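Observations on chain architecture
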Amino acid sequence: MKHTVQLVFLSIVVLLTAACQPRYAFEVDSIASGEMNTGESFVIISANPEIRESDLRFREAANYIQLALEGMGLFQAPSSATADMIIELDFFLGEPRDSLTVRPHPETYWVPGRRYSVEVPVRNKEGQIIGYSRKVYHEPSQQYTQWEDRIESTTLFEKSLTLTAYDNRLGSSVKDPVQLWSVTVVNTDGSNDLRHYLPFMAAAALPYIGFDTGRKTVVVVSEEDLQAAFGSSSVR
């Protein structure tokens, strides 16, 4: 019996923990020229001239992408010269912008009850009125709720991650390499913590690498999804 109670308690804890895990929504837009083959080699380079490949932030983001691609059966080439495809990685944090939203808010007020008195005749045993008494009545107060529209201002930040793969099998001699696929992941909310969102954006992009969504698709990623994609070390 004690063991059963412990199992029930642990199950409740797991459910509550899962319910409390943060979940983030992303817009994913992916396009591809054809299916990606496993066993292809790749290198990841920076698509942004302002972000060097030696920067720690870039190396951290590229590591998530590398783990995702290796999980799909691809492998990192020793150099760009020997890679089957070149993957350009770009990510950025947009400038803050204000968003105005009209939201209904409840306004509750009370109407006090009426208080009044009534004269009540007092009679003797024979039924004759021998006087009057005053009886006081209290009506209950009434609560009313009405909804009013209010304009709320919220500061939003756009966070974006883009992966674009080019065919490199013919080498660097090709002036205009063929684009194989491209994935863009965007999140817009009140957080400006780009580093925290990078692994979540990589996890959101993972199912759509090498595929064509045909349109923007909303993807929700939780910390549990992050652990499944990259392991527990990816969750900070």
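The next point concerns the overall build of the chain. A tally of regular secondary structure across the chain gives four helices and ten strands. Secondary structure elements in the chain, listed N-terminal to C-terminal, are α-β-β-α-β-β-β-β-β-β-β-α-β-α. Within the chain, the fraction of its 236 residues that count as buried is 31%. Within the chain, contacts between residues separated by at least 24 positions form 76% of all contacts whose residues are at least 6 apart in sequence. Accessible area for the chain stands at about 15400 Å²; split by element, carbon and sulfur atoms hold 52% of it.

Helix α4 (residues 223–230) packs onto helix α3 (residues 194–205) with a crossing angle of 70 degrees between their chain directions and a minimal axis gap of 10 Å. Taken together, the axes of α3 and α4 are roughly perpendicular relative to one another. On the side of α3, the interface is formed by Pro 199, Phe 200, Ala 202 and Ala 203, while α4 contributes Glu 223, Leu 226, Ala 229 and Phe 230. In the contact of α3 with α4, the residues fall into seven nonpolar, no polar and one charged.

Turning to the pattern of salt bridges, a few remarks are in order. With the rule as written, the count across this model stands at eight salt bridges. Here Asp 55 makes a salt bridge to Arg 52, at a shortest N to O gap of 3.3 Å. When the shortest N-O distance is used, the salt bridge between Arg 169 and Asp 167 registers 2.8 Å. By relative accessible area, which is 56% here, Arg 169 ends up exposed. Classification of Asp 167 by relative accessible area gives partly exposed; the value is 21%.

Turning our attention to the environment of Ser 80. Mapped onto the elements of the fold, Ser 80 is located in the loop between β3 (75–76) and β4 (85–93). Take Ser 80: its relative accessible area is 38%, and that puts it in the partly exposed class. As a C-alpha pair, Ser 80 and Ser 41 span 39 residues in sequence and 9.7 Å in three-dimensional space. Once residues within four sequence positions are removed from consideration, Ser 80 is found in contact with Val 43, Ile 45, Ile 86 and Asn 168.

On to α4. What sets the pattern is the α-helix's 3.6 residues per turn: residues three or four places apart point alike. Turning to α4, its buried residues number three or more, namely Glu 223, Leu 226 and Phe 230. Angular distribution of buried residues about the axis of α4 spans 50 degrees; they occupy a single face of the element.

A word on the pairing of strand β6 (residues 115–123). Relative to strand β7 (residues 129–138), β6 runs antiparallel, the two being bridged by nine bridges. Within β7, the position partnered with Pro 121 by the bridge is Tyr 132. The hairpin formed by β6 and β7 contains five residues between the paired strands, and Gly 127 there has a positive phi angle of roughly 90 degrees.

With that settled, consider the packing of helix α2 (residues 56–71) against α3. The geometry of α2 relative to α3 is characterised by a closest axis approach of 9 Å and an angle of 25 degrees between their N-to-C directions. Between α2 and α3, the angle falls in the class roughly parallel. Seen along the crossing, α2 lies across α3 with a hand that is right-handed. Facing Arg 57, Glu 60, Ala 61, Tyr 64 and Ile 65 of α2, the residues of α3 in contact are Arg 195, Leu 198, Pro 199 and Ala 202. Of the residues that constitute the contact of α2 with α3, the class distribution is six nonpolar, no polar and three charged.

In this section: α2. Taking 1.5 Å per residue as the helical rise, α2 with its 16 residues ought to reach 22 Å, and the 23 Å between its terminal C-alpha atoms agrees with that figure. The complete set of buried residues in α2 reads Phe 58, Glu 60, Ala 61, Ala 62, Tyr 64, Ile 65, Gln 66, Ala 68 and Leu 69. The inward-facing, buried residues of α2 abut β2 (41–46), β3, β4, β8 (142–167), α3 and α4. Looking at the residues trailing α2, positive phi occurs at Gly 73, about 100 degrees.

Let's shift gears to a nonpolar patch on the surface. On the surface, Leu 100, Val 102 and Ile 151 cluster together to form a nonpolar patch covering roughly 350 Å² of accessible area. Relative to the assigned elements, Leu 100 resides in strand β5 (residues 97–111).

Next up on the list: the pairing of β2. The buried count for β2 comes to five of six residues, which makes it a mostly enclosed element. In this sheet, β3 lies alongside β2 in parallel orientation, the contact comprising two bridges. Its bridge partner being in β3, Phe 42 is matched across the sheet by Gln 76. Handedness of the β-α-β unit built from β2, α2 and β3 comes out right-handed.

About the thresholds
- Residue numbers here run from 1 along each chain, matching the order of that chain's written sequence.
- For this predicted model, a pLDDT threshold of at least 70 governs which residues receive local features, and a threshold of 80 or more governs which side-chain atom pairs are given and counted, while totals over whole chains, interfaces and linings are taken from all residues.
- By convention in this description, side-chain values take in all heavy atoms of the structure and omit both hydrogens and water.
- Helix and strand definitions follow DSSP, with helices as H or I runs of at least four residues and strands as E runs of at least two, each counted in order from the N terminus.
- Using a 1.4 Å probe on the protein chains alone, a residue whose accessible area is under 20% of its type maximum counts as buried, one over 50% counts as exposed, and one in between counts as partly exposed.
- Any two residues whose heavy atoms approach within 4.5 Å at even a single point are treated as in contact.
- Here the open area of atoms and residues is found with the Shrake-Rupley method and a 1.4 Å probe, where only the protein chains shown may cover a residue.
- Structural elements are reduced to axes, namely lines fitted to C-alpha atoms, with helices fitted over the stretch in contact, and the angle between N-to-C directions of any two is expressed from 0 to 180 degrees.
- Geometric relationships in this document are graded by angle, where less than 35 degrees denotes roughly parallel, more than 145 denotes roughly antiparallel, 65 to 115 denotes roughly perpendicular, and other angles denote oblique.
- Residues were grouped as follows: Ala, Val, Leu, Ile, Met, Phe, Trp, Tyr, Cys and Pro as nonpolar; Asp, Glu, Lys and Arg as charged; and all remaining residues, including Gly, as polar.
- The rule for a salt bridge is simple: a side-chain nitrogen of Lys or Arg has to be within 4 Å of a carboxyl oxygen of Asp or Glu.
- Taking the helix axis as origin, the arc is that swept by the directions to the C-beta atoms.
- Here the rule is simple: two strands pair whenever DSSP picks up at least two bridges between them.
- Note on convention: near helix rotated counterclockwise from far helix by under a right angle means a left-handed crossing. Clockwise means right-handed.
- A helix is expected to span 1.5 Å multiplied by its residue count minus one.
- Without a salt bridge and with relative accessible area above 30%, a residue can belong to a patch; like charges are then joined within 9 Å and nonpolar side chains (Val, Leu, Ile, Met, Phe, Trp, Tyr) within 5 Å.
- Seen with the strands pointing away from the viewer, any crossover whose path from the first strand over the helix to the second strand runs clockwise is right-handed.

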